[in-house]
Structure formats: structure tokens, C-alpha cells
2 protein chains.
Amino acid sequence: MIFCPSAISCIFSPKLDQDPLKSGSLGVGFTIDKGVFAKPSSGIKFNGKKIDFPTVEYVVRENKMNGVELLTDLPLGCGFGLSGASALATAFLSEKPAVELFDLAHVAEVVNLTGLGTVTTQTFSGLVIRKSASCPSRAVIERYVWNYELDFISLGSISTSEVLTTRKNISEIGKKWLNEFIKKVSLDNLFRCSKGFAEETGLIEPVRDIIEAVESSGGMASMAMLGKTVFAYKGFEALKEFGKPFKAKIECSGVRKIESFSNTV
Amino acid sequence: MIFCPSAISCIFSPKLDQDPLKSGSLGVGFTIDKGVFAKPSSGIKFNGKKIDFPTVEYVVRENKMNGVELLTDLPLGCGFGLSGASALATAFLSEKPAVELFDLAHVAEVVNLTGLGTVTTQTFSGLVIRKSASCPSRAVIERYVWNYELDFISLGSISTSEVLTTRKNISEIGKKWLNEFIKKVSLDNLFRCSKGFAEETGLIEPVRDIIEAVESSGGMASMAMLGKTVFAYKGFEALKEFGKPFKAKIECSGVRKIESFSNTV
């Protein structure tokens, strides 16, 4: 069985090219210790149900697999990078050079517009700064091992492909806040720059009140790109007003083989 | 500053090719939470002293650097994969695609015969099974995240290049014990297969008495390839009879950027 951590994208600046290997996003993201477990199966099953999952189908087809069973306790489409994690976990069920598998999962995401930088973040894991917009094998990155525990709440999905194809100014705003973050790589500055990006792009609106509630209670919060999902530091109590928050740690150990399924690893 | 974990090679089956990217070793190894810190400098300094370090010089030259200062509390040449860690940590001071930096460090090791599989183990980190003998970008691997704390003692060095160029039967013996380990990936079996490999190649002799002392005391032990170095599980007390052992954890977070030097991370 393979485990791949999910990833929160904090800041991104998309770049689409004819060649999916040259497509991706600059930006900042981090992996957490919840994610996706994958084991061989026939057809594509997600938490026990057959689903239509083109990003994973792409990997299954390319690697000539019969199918895959995916297990997770995180929701799809809500900014946890689950399509990337599912693609990567599925890819690693095949025996090929690891770097080819990283790139394959990236291409699967790009051609389906389900993610641009997620697989690169998951490839390297931890707090990852993507300094080039490309597949993992060509990615210029900086990575840090961080040990923070964060709080999360998710209230639903936002269509990544819709945002990527309709918003025109995200790329410039993303570059600006990426550069602001690089000036000082710290948790405080991650929240400041991530929120600045969400504000300036206008993406923040569906979760603005949640972020402000965390801040009023003395914590820090921002928005996961792309979902109606908030990640926070010292925000658990404030998040409770809006639903059912959960905790997860930033994790830095990436995709791996494991013996059995559990919620975290 | 960059930190790269050191790596213990347990079983290896070398393959040398005209092309260093196609050279490497099959085998099993793991990374630990002690390693090498690197920061930019002029010339090559190792723990404050200028040294002749061809593997690192290769990286410095290829990346057009002025030099590097390396800091570690582990000894060179004793089976901790420090030349690989030094090459990787040095490489990551440059801003290039990460996978190019992995391959560069690998080539630096191969052309100087200071290591064959170490950089691939360090690239992926954790407990790494190398199923192909090649540079990191082409390596077929399996990796596991293990959390064991182990005990180590080092009594000196063995020349990697001498073993690689004079021993003829290591390759077959390495394949045999690699296959034995793959049948059951567990700590017990790692010690069994690693020791089987050391026995059958005859490499065990300089540390046989230490390994037997640990076993007599109820622990498990084997030999780090290549050094007069023993790694053990529940062996600390027995190792004390032979010198000054230390503890380190298997670590799975790989090469990273960090803010400051410390003994472990």
C-alpha cells in the first residue's frame, strides 16, 4: 500500500504551456500528515465507491494498471491537493523510476486542470517553495522541515479548473506574494503572505469571516488554494463556531510504502 | 544553510558503467538524523579546516561556486555516507532543478569512487530499497518511513574505492541478500540480511566481535558499508565496551534548507 500526504497550497502563480511538463505554478505550499492511501484494485474506487476520477484514470491508463482503491478521510475538491495525492499514490503502485512517477502524476493533474503545483509540493514534501513552474523533475525548489501542528476546517469546494481558466490576474499577484514570503521564511510570514494573496485575488471571500474569527481570537489563519477551506495556527476553538475542525501536522516525509491503512501516519 | 542526512548502507550490489549516470548500486540503506551542514565559503573547509575533498570539489566546480564550509560531528570514511551528504548539501546551495542537483552529487561520488548508492538513498531518505543501480533521476526505489532509534559506534575507516575495485563477488552476494530483505521488510530482517551480506562477503571481520557482543546482550547489530562501524538496535550498553557509541534516529525528511547549525535536526 502507498501513502501520499495531502498538500495545502498557500500562494500560487500559474503558468500553462502547451507541454504539460513545462506547465505548473510558482508558489508556496506544505504537506500534512493526512492524505491518501492507495492499493491495487480493479476500477477506481474512492472510499469504497466507484467514482469518475479523470486525474487518477490518466495514471492508471499510462501505467497499464487494472485500477486502484483510494482511502482518505479528507474531502475531494476542497483544497487539500487530494487529486495530486491520489495520482501520486496510484503512480507509486507501479515499479518505475520514482522521478518518472512524480512527473506522470504532475502531467495527470495538468491535463485535467485539477492542480498545477500540488504534485511538486508532494514530491519534495514539507514547506516547499516552488521557484519554477514545471514538473517535479525540472522544478527549482527550496524546502524546509517544519514541525507545526495546524487546525483546519473545510466548508466545501471551489473548482480549480474554473479559477485557472477565468481569473487573469492571479499570476502576477501570486508572484508578488511569493517574493514577499521568500524575504522571510517563517510561519507568521506564511500566514501574512498567504492571506495577502487570498485578499488581493478576491479568492478569500467565501472564507473571510472564518479567517477573521480566528484572528479575533488571537490565532492566525488563511485560505487553502483552492477550497472553502481554512488553515490556522492556534485557531481550533474559533473554528468550532463554523463546523467541525481537525488538527494535522506539517509532515516532511513524502510519498512512501506502508503496511496498512490508518488516518494519519 | 543546507542540511543533508548521513546514510548507512546495509546491503549493496555495485554496477559500474562508462556513464556515471548509469552507475550505482542495488541495495538497502537508511538515512539518520545526523549529517552534514553546508554553507557558502571560499575553498573547501571541513569542520573548520581546509581539506582535499575531490567529491565535493567536483560539485563546487560544476556549480561554479567559490567553495563551501561543511560541518558535521560524524567521521569521514567510516560508512556514514558523509561524502555523499557533503556533495548533496553542497549541491543544494545552488539554485538549479533539485533533480539535477541529486544527479550531480551522485556523479561526483561515482567518478571519485566514494559511493555508489548513497546519494540515491539520501535523495529519497528513510529506509530506501534501491531496485536499480543508477543516478537518482532514473532510480527505481521503494521507501519506508521508519521511526527507530539506533546505536552506532565507529572505530575507523575502510577504503570504499579499494573494496569496489578489488572485490569481485560482492555484486552477486549483494543481490542475493537484497532479495532476501525484500521478502520481508522489517527491522529484524534488515539486521539478518545486512549481517548475512557482511558475513558472506567477508567484510564483517574488522567488526565481528562488536556485532557478536551486541547479540550476546540481546540486541541486534550489523556493519555499515563501508567502515569499521557498527549499527545496532538495543545495543548501546554492549557497544560501550568498544569505545564511545552514540544514538541516532532513522530520519525520513531528506536534504533541506535550515536556519542554523545544530548536531541533530
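Residues numbered from 1 in each chain as written. Chains lettered and ligands numbered in written order. Predicted model: local features only at pLDDT ≥ 70, side-chain atom pairs only at ≥ 80, totals over all residues.

Chemist: I tried to follow the overall build of chain A on my own but got confused; where do I start?
Modeler: Of regular secondary structure, chain A possesses nine helices and 12 strands. Scaling as 2.2 N^0.38, a compact globule of 265 residues should have a C-alpha radius of gyration of about 18 Å, and chain A matches this with 17 Å. A principal-axis box enclosing the C-alpha atoms of chain A has dimensions of 50 × 35 × 30 Å. By residue count, 54% of the 265 residues in chain A fall in the buried class. Sequence-distant contacts, at least 24 apart, represent 71% of the contacts inside chain A between residues at least 6 apart. (Helix = DSSP H or I, 4+ residues; strand = E, 2+ residues; numbered from the N terminus. Rg over C-alpha atoms; globule rule 2.2 N^0.38 Å. Buried ≥ 20, exposed ≤ 12 C-beta atoms within 10 Å, placed from the backbone. Contact = placed C-beta atoms within 7 Å.)

Chemist: Mind showing me how you'd approach the sheet that holds strand 10 (residues 227–233) of chain A here?
Modeler: Whether parallel or antiparallel, the strands of a sheet pair through hydrogen bonds between backbone atoms. Residue and element names in this part refer to chain A. Overall, antiparallel pairing links the four strands, which are arranged 9-10-8-11 in an open sheet. Every interior strand has two partners, whereas the edge strands, strand 9 (220–223) and strand 11 (246–249), have only one. The sheet shows a mean angle of 30° between the axes of neighbouring strands, direction not considered. In this structure, strand 8 (residues 149–157) lies alongside strand 11, joined through four bridges in antiparallel fashion. Bridging across to strand 11, Glu-149 finds its partner in Lys-249. Helix 8 (residues 208–216) contacts strand 8, strand 9 and strand 10 of the sheet and is inclined by roughly 170° relative to strand 9. (Pairing = 2+ DSSP bridges. Axes fitted to C-alpha atoms, helices over the stretch in contact; angles between N-to-C directions.)

Chemist: Before we go on, may I ask you to explain the relation of the copies chain B and chain A in this structure?
Modeler: Mapping between the two chain copies consists of a rotation about an axis together with a translation along that axis. Its rotation angle being 180°, the transformation that places chain B on chain A also includes 0.0 Å of axial translation and leaves an RMSD of 0.0 Å. In short, the pair behaves as if placed about a two-fold rotation axis. It is Ser-253 of chain B whose C-alpha, among those of chain B, lies nearest the rotation axis, at 2.4 Å. (Least-squares fit on C-alpha atoms with pLDDT ≥ 70 in both.)

Chemist: Explanation requested: the sheet that holds strand 8 (residues 149–157) of chain B in the structure shown.
Modeler: All names here are of chain B. On the basis of which strands lie adjacent, the open sheet formed by four strands has the order 9-10-8-11 and antiparallel pairing. Both outer strands of the open sheet, strand 9 (220–223) and strand 11 (246–249), are each paired with one neighbouring strand and no more. Taken pair by pair, the neighbouring strands of this sheet meet at an average axis angle of 30°, ignoring direction. Packed onto the sheet, helix 7 (residues 187–201) meets strand 9 and strand 10 (227–233) and runs at close to 40° relative to strand 9. Sheet strands touched by helix 8 (residues 208–216): strand 8, strand 9 and strand 10. Its angle to strand 9, the strand with the most contacts, is close to 170°.

Chemist: Can you help me understand the interface of chain B and chain A in this one?
Modeler: When the parts of a complex come together, some accessible area is lost, and that lost area is often used as the size of the interface. Facing the 22 residues of chain B at the interface are 22 residues of chain A. Of all the elements in the fold, those that place two or more residues in the side of chain B that touches chain A are helix 3 (98–111), strand 7 (141–144) and strand 12 (256–257) of chain B. In terms of residues, the side of chain B that touches chain A owes the most to one element, strand 7 of chain B, which gives four residues. Looking at the side of chain B that touches chain A residue by residue, the classes come out as 11 nonpolar, three polar and eight charged. (Nonpolar A, V, L, I, M, F, W, Y, C, P; charged D, E, K, R; others polar.)

Chemist: What is the right way to look at the nonpolar core in this model?
Modeler: Taken as a class, soluble globular proteins show a tendency for nonpolar side chains to be buried jointly. The biggest cluster of nonpolar side chains holds 173 residues, and the ones touching the most others in it are Ala-89 of chain A together with Ala-89 of chain B. Counting contributing residues, this core receives three or more from each of domain 1 (2–144 + 250–257) and domain 2 (150–246) of chain B. (Core = buried A, V, L, I, M, F, W, Y, C linked by C-beta atoms within 7 Å. Domains from an automatic or database assignment.)

Chemist: Before we go on, may I ask you to explain the packing of helix 2 (residues 82–91) of chain B against helix 3 of chain B in this structure?
Modeler: A pair of packed helices is captured by two measures, namely the crossing angle of their axes and the spacing between those axes. All names here are of chain B. Their axes nearest at 9 Å, the elements helix 2 and helix 3 cross at an angle of 140°. In this view, helix 2 runs oblique relative to helix 3, as classed from their interaxial angle. The handedness of the crossing between helix 2 and helix 3 comes out as right-handed. Contacts from Ser-83, Gly-84, Ala-87, Leu-88 and Ala-91 in helix 2 reach Leu-101, Leu-104, Ala-105, Ala-108 and Glu-109 in helix 3. Classifying every residue of the contact of helix 2 with helix 3 by side-chain character gives seven nonpolar, two polar and one charged. (Parallel < 35°, antiparallel > 145°, perpendicular 65-115°, else oblique. Left-handed = near helix turned anticlockwise from the far one by under 90°.)

Chemist: What should I look at first to understand the environment of Ile-158 of chain B in this one?
Modeler: Residue and element names in this part refer to chain B. Tracing the chain through its elements places Ile-158 in the loop between strand 8 and helix 5 (160–166). Sequence separation between Ile-158 and Ile-173 is 15 residues; the distance between their C-alpha atoms is 19 Å. Excluding residues within four positions of it along the chain, Ile-158 makes contact with Val-163, Leu-226, Gly-227 and Lys-228.

Chemist: Teacher, can you tell me more about helix 3 (residues 98–111) of chain A here?
Modeler: An α-helical segment advances 3.6 residues per turn. Residues three or four places apart therefore align on the same side. End to end, helix 3 of chain A covers 20 Å across 14 residues, agreeing with the expected 20 Å (1.5 Å per residue, within 8%). Counted residue by residue, helix 3 of chain A has 12 buried out of 14 residues, so it is predominantly covered. For helix 3 of chain A, the set of buried residues is Ala-98, Val-99, Leu-101, Phe-102, Asp-103, Leu-104, Ala-105, His-106, Val-107, Ala-108, Glu-109 and Val-110 of chain A. Buried residues in helix 3 of chain A make contact with helix 1 (54–62), helix 2 (82–91) and helix 4 (118–124) of chain A together with helix 3, helix 4 (118–124) and strand 7 of chain B. (Expected span 1.5 Å × (residues − 1).)

Chemist: What exactly am I supposed to notice about unusual backbone geometry here?
Modeler: With the exception of glycine, the majority of residues adopt a negative phi angle, and the majority of peptide bonds are in the trans configuration. Residue and element names in this part refer to chain A. Residues Met-225 and Leu-226 are joined by a peptide bond in cis, for which omega reads 5°. Within the secondary structure, Leu-226 sits in the loop between strand 9 and strand 10. Phi at Lys-64 is positive, roughly 50°, even though this residue is not glycine. Structurally, Lys-64 can be placed in the loop between helix 1 and strand 5 (67–71). The class of Lys-64 is exposed, set by 7 C-beta atoms lying within 10 Å.

Chemist: What is the right way to look at the pairing of strand 2 (residues 24–40) of chain B in this model?
Modeler: The side chains of a regular strand alternate, first on one face of the sheet and then on the other. Residue and element names in this part refer to chain B. Most of strand 2 sits inside the fold, with 14 of its 17 residues counted as buried. Pairing geometry for strand 1 (residues 2–15) and strand 2, over 13 bridges, is antiparallel. When the sheet's bridge partners are listed, Pro-5 is paired in strand 2 with Gly-35. Sheet topology places strand 2 next to strand 6 (residues 127–130); four bridges connect them, and they run antiparallel. Looking at the pairing, Gly-27 lines up with Arg-130 of strand 6. Pairing of strand 2 with strand 5 (residues 67–71), which is carried by four bridges, proceeds in the antiparallel orientation. Note that in strand 5 the partner of Pro-40 across the bridge is Val-68.

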